[in-house]
Amino acid sequence: MRRRFTKLQKTLILFIGFFFLLGSLMLSLRQNSISDLGYSAWTYVKYGLFDSPAVSISHALDDFSNLWHSYQDNIYLNEQLANQRSYQTLYAQEHNRNLELQGLLEMKNALPESTQISCQVLSRPGQTWNQTITVSAGSTSGVEVGMAVCSANGLVGMVSSVETTTSQVTLLTSNDLPNSFAVQISMDDGSTVEGVFHGYDADQNRYEIRLFDHEAVVLPGQKVATSGKGGTYASGLMVGTVTGTIMNDDAVVSTVYVSPVEDISGFTYVNIFSQGTPAP
Amino acid sequence: MKKNFGIIFGFFGLAMLDSIFSYLTPIDFTYTHFSIAWHFYLTGLLVFVRDKPMMNRFLIGAMAGIVRDMFFTSTFPFSFLFYPLIALAAGVYQNKARSIESACMIYISLIFCADLFPFLFQKLIGQTTVSFVSWFYHVELLTLLVGGLVVIMMTYIDIVMDYFYLFQSRVIKKSQRGHRHPKRELAASMNHPQTDNRKRRFR
């Protein structure tokens, strides 16, 4: 008897029948073929070889990109923060300068008869912080040795040497003043008590003022200003505030301790008073 | 058995190539750019079944179609119904084609038919409204050009594989003949008259 199908044909028919039934079943059940179920060979391979690595790489790149952006943002924010700090510092500095200039302007307006030279502190070395400063006005501006130098709060020193465009100022806290000067304390009853600037006590951070009137009752908190007598300085320049008094043994003069003006340790602008200053 | 596995893996590789290239260069269904429909699998089928008997061609085409439908595309039962016809046609025309060039032209024509039929079907049911000229210009032209190269490549591979298996079968036959030869020599020597004389002489 002649065979109708070969072995290969039978095998093919078997597989075709099986897949046809399977495909028809899936098509009827799901209205789709099994390759749409997500389990086809290509789906596996595509997911394994392309999708998954591509997605992983994409995620890695995204993560790196986000990290990089965060890093850049962090740098930017740090810069902004640093600038903010700088701005705050600059603002405080400018605010202080503004207050100083405002104080100096008020002083200038308060003493309209005086001749004042406005200038800036150029240097104040750390080694001689309480000794000398250099200001930006010299002989060309009319500065002369012995002129009074005031900050916004009051007298801080006197000119000890003059260059063409700069001058060196010896501070009241240095004990090396080129000459002494007369001061006065205004009393409540309208009288004044005269005295003379004697020196500076660095340990106690106070001036010593010698009063000629030992009977005067000087109380802490009273203001001490230049008297203008003796022709050294203009009168009315604030020297400091009384902090204490002692009576000397000879009972002729009494010593008054005066705290320096508030900004004696740090100021940027000064006025140099020329009126009342004796010619060198 | 090795040959069968080679054929199966070969078809699997061709289907994977189709899928990979289709994934990398998807068809632009807006028909604004050029696209390519890859036909490694179909070309391999045409080349493979060209010299097979008609029933084998039909069954192999059906098997190839249903496998493609089930595992690589979602077109069941389109390929299952269409591939046997293409496979049958490949064999019919192959009998008339005496040269490699004409065989390649037949394969390219069948590839064109394989693309044209779904397009006409889609036009018929109103699934697409694009004109034949636009479809041919944007999709089929490049497909046929690349398909021609694939056909040449497949034909060359088929020829090489035929020679390889022919050489392999000859080597196997020769080795089997070599194994059988000592027995035949021994048997012949046992019945040979001269050998008998020698045996007598030794006695």
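Residues numbered from 1 in each chain as written. Chains lettered and ligands numbered in written order. Predicted model: local features only at pLDDT ≥ 70, side-chain atom pairs only at ≥ 80, totals over all residues. Heavy atoms only, no water.

Visitor: Looking at this structure, I do not really get the overall build of chain A. What am I missing?
Guide: In terms of regular secondary structure, chain A is built from two helices and 12 strands. If you list the helices and strands of chain A from N to C, you get α-α-β-β-β-β-β-β-β-β-β-β-β-β. Within chain A, buried positions represent 37% of all 280 residues. Here the contacts in chain A between residues at least 6 apart in sequence split such that 56% fall between residues at least 24 apart. (Helix = DSSP H or I, 4+ residues; strand = E, 2+ residues; numbered from the N terminus. Buried < 20%, exposed > 50% of the residue type's maximum accessible area, 1.4 Å probe, protein only. Contact = heavy atoms within 4.5 Å.)

Visitor: Can you help me understand the overall build of chain B in this one?
Guide: A tally of helices and strands in chain B yields seven helices and zero strands. For chain B, buried positions account for 40% of its 203 residues. Put simply, of all contacts in chain B between residues at least 6 apart along the chain, 61% involve residues at least 24 apart. Accessible surface for chain B amounts to roughly 12,600 Å². Of this, 69% is attributable to carbon and sulfur atoms. (Areas by Shrake-Rupley, 256 points an atom, 1.4 Å probe, with all protein chains shown as cover.)

Visitor: What exactly am I supposed to notice about the sheet that holds strand β5 (residues 167-171) of chain A here?
Guide: Sheets are built from strands paired through backbone hydrogen bonds, the pairs being either parallel or antiparallel. Residues and elements named next belong to chain A. Read around the closed barrel, the six strands follow the order β1-β2-β5-β4-β3-β12; overall the barrel is antiparallel. Averaged over neighbouring strand pairs, the angle between their axes works out to 45° when direction is ignored. Both strand β2 (residues 132-135) and β5 contribute to a ladder of four bridges, which runs antiparallel. In the strand pairing of β5, Thr132 is matched with Thr170. (Pairing = 2+ DSSP bridges. Axes fitted to C-alpha atoms, helices over the stretch in contact; angles between N-to-C directions.)

Visitor: Is there a simple way to think about helix α5 (residues 100-125) of chain B in this case?
Guide: A turn of α-helix holds 3.6 residues, and therefore any two residues three or four places apart point the same way. Residues and elements named next belong to chain B. If you check α5, its first and last C-alpha atoms are 38 Å apart, about what 26 residues at 1.5 Å a residue would give, namely 38 Å. Among all positions in α5, only Ala103, Cys104, Ile106, Tyr107, Ile108, Leu110, Ile111, Ala114, Asp115, Leu116 and Phe119 are buried. Following α5 by one or two positions, Gly126 has its phi on the positive side, about 80°. (Expected span 1.5 Å × (residues − 1).)

Visitor: Where do I start with a positive patch on the surface in this structure?
Guide: Taken together, the side chains of Arg170, Lys173, Lys174 and Arg177 of chain B make up a positively charged region of the molecular surface. Exposure remark for Lys174 of chain B: the relative accessible area of 59% places this residue in the exposed category. (Patch = residues over 30% accessible without salt bridge, like charges linked within 9 Å, V, L, I, M, F, W, Y side chains within 5 Å. Salt bridge = Lys/Arg side-chain N within 4 Å of Asp/Glu carboxyl O. Lys, Arg positive; Asp, Glu negative; His and termini not counted. Charge placed at Lys NZ, Arg CZ, Asp CG, Glu CD.)

Visitor: Whenever I open this one, the interface of chain A and chain B confuses me. Can you help?
Guide: Put simply, an interface is often sized by how much accessible area is lost when its parts join up. In this complex, chain A contributes 24 residues to the contact, which on the side of chain B involves 21 residues. Here chain A is connected to chain B by zero salt bridges. At the junction of chain A and chain B, the tally comes to one residue pair in polar contact (both at pLDDT 80 or more). Every element with two or more residues in the side of chain A that touches chain B is listed here: α1 (7-30) and α2 (41-110) of chain A. (Polar contact = N/O pair within 3.5 Å; in protein donor to acceptor, adjacent residues only side chain to side chain.)

Visitor: Before we go on, may I ask you to explain the confidence of the model for chain B in this structure?
Guide: Predicted coordinates in areas of low pLDDT are best not read in detail. Confidence in the prediction of chain B, expressed as mean pLDDT, is 81, and 84% of residues score 70 or more. In this model residues 192-203 of chain B is a low-confidence stretch, pLDDT under 50, and it forms four contacts with partners more than four residues away in sequence or in other chains. (pLDDT = per-residue confidence, 0-100.)

Visitor: How do you make sense of a nonpolar patch on the surface when you look at a structure like this?
Guide: Together, Met153, Tyr156, Ile157, Val160, Met161 and Phe164 of chain B make up an exposed nonpolar region whose accessible area comes to about 550 Å². If you trace the backbone, Phe164 of chain B turns up in helix α6 (residues 132-191).

Visitor: Can you help me understand the environment of Arg68 of chain B in this one?
Guide: Residues and elements named next belong to chain B. Here Arg68 is to be found in helix α3 (residues 54-72). Through-space distance from the C-alpha of Arg68 to that of Ser79 is 7.0 Å; in sequence the pair is 11 residues apart. Not counting residues up to four positions away in its chain, the partners in contact with Arg68 are Tyr41, Thr73, Thr75, Ser79 and Tyr83.

Visitor: Help me understand the pairing of strand β8 (residues 206-211) of chain A, please; the structure alone is not making it clear to me.
Guide: It is a general feature of regular strands that their side chains alternate between the two faces of the sheet. Residues and elements named next belong to chain A. Here strand β7 (residues 192-201) pairs with β8 via six bridges, running antiparallel. Considered in β8, the bridge of Gly195 is made with Leu211. Adjacent in sequence and paired antiparallel, β7 and β8 are bridged by four residues, among which Asn205 carries a positive phi angle near 55°. Where β8 meets strand β11 (residues 254-260), five bridges bridge the pair, whose relative direction is antiparallel. Residue pairing across strands places Ile209 opposite Val256, the latter belonging to β11.

Visitor: What exactly am I supposed to notice about the packing of helix α2 (residues 40-49) of chain B against α3 of chain B here?
Guide: Relative orientation and spacing of two packed helices are given, respectively, by the angle between their axes and the distance between those axes. All names here are of chain B. Packing of α2 against α3 leaves a shortest axis separation of 10 Å and a crossing angle of 165°. Taken together, the axes of α2 and α3 lie roughly antiparallel to each other. The two elements α2 and α3 meet at a crossing, and its hand is right-handed. The segment α2 lies against α3, with Tyr41, Leu45, Phe48 and Val49 engaging Arg57, Ile60, Gly61, Ala64, Val67 and Arg68. Its residues placed into classes, the contact of α2 with α3 shows seven nonpolar, one polar and two charged. (Parallel < 35°, antiparallel > 145°, perpendicular 65-115°, else oblique. Left-handed = near helix turned anticlockwise from the far one by under 90°. Nonpolar A, V, L, I, M, F, W, Y, C, P; charged D, E, K, R; others polar.)

Visitor: Quick question: what am I supposed to make of the pattern of salt bridges here?
Guide: Side chains bearing opposite charge may pair, as long as their charged atoms lie close to each other. Throughout the structure, instances matching the rule amount to five salt bridges over all chains. Where Arg206 of chain A meets Asp201 of chain A, a salt bridge forms, and the shortest distance between an N and an O atom there is 3.8 Å. When its relative accessible area of 21% is taken as the criterion, Arg206 of chain A is described as partly exposed. Lys52 of chain B is paired through a salt bridge with Asp51 of chain B; the nearest N and O atoms lie 3.4 Å apart.

Visitor: For this particular structure, what's the right way to read the nonpolar core?
Guide: Nonpolar side chains in soluble globular proteins generally cluster together in the buried interior. Among the nonpolar cores identified, the biggest contains 47 residues, and Tyr41, Leu42, Leu45 and Leu46 of chain B are the most heavily contacted of them. In terms of residues, this core owes the most to one element, α3 of chain B, which gives nine residues. Grouped together as the second largest cluster of nonpolar side chains are 45 residues, Val143, Met147, Leu172 and Ile185 of chain A included. (Core = buried A, V, L, I, M, F, W, Y, C linked by side-chain atoms within 4.5 Å.)

Visitor: Looking at this model, I keep getting lost on the side chain of Gln184 of chain A. Mind explaining?
Guide: All names here are of chain A. Looking at the element boundaries, Gln184 is found in strand β6 (residues 182-186). Taking the relative accessible area as the measure of exposure, Gln184 reaches 18% and is therefore buried. Once residues lying within four places of it in the same chain are set aside, the contact partners of Gln184 are Thr192, Val193, Glu194, Lys223, Val224, Ala225, Thr226 and Ser227.

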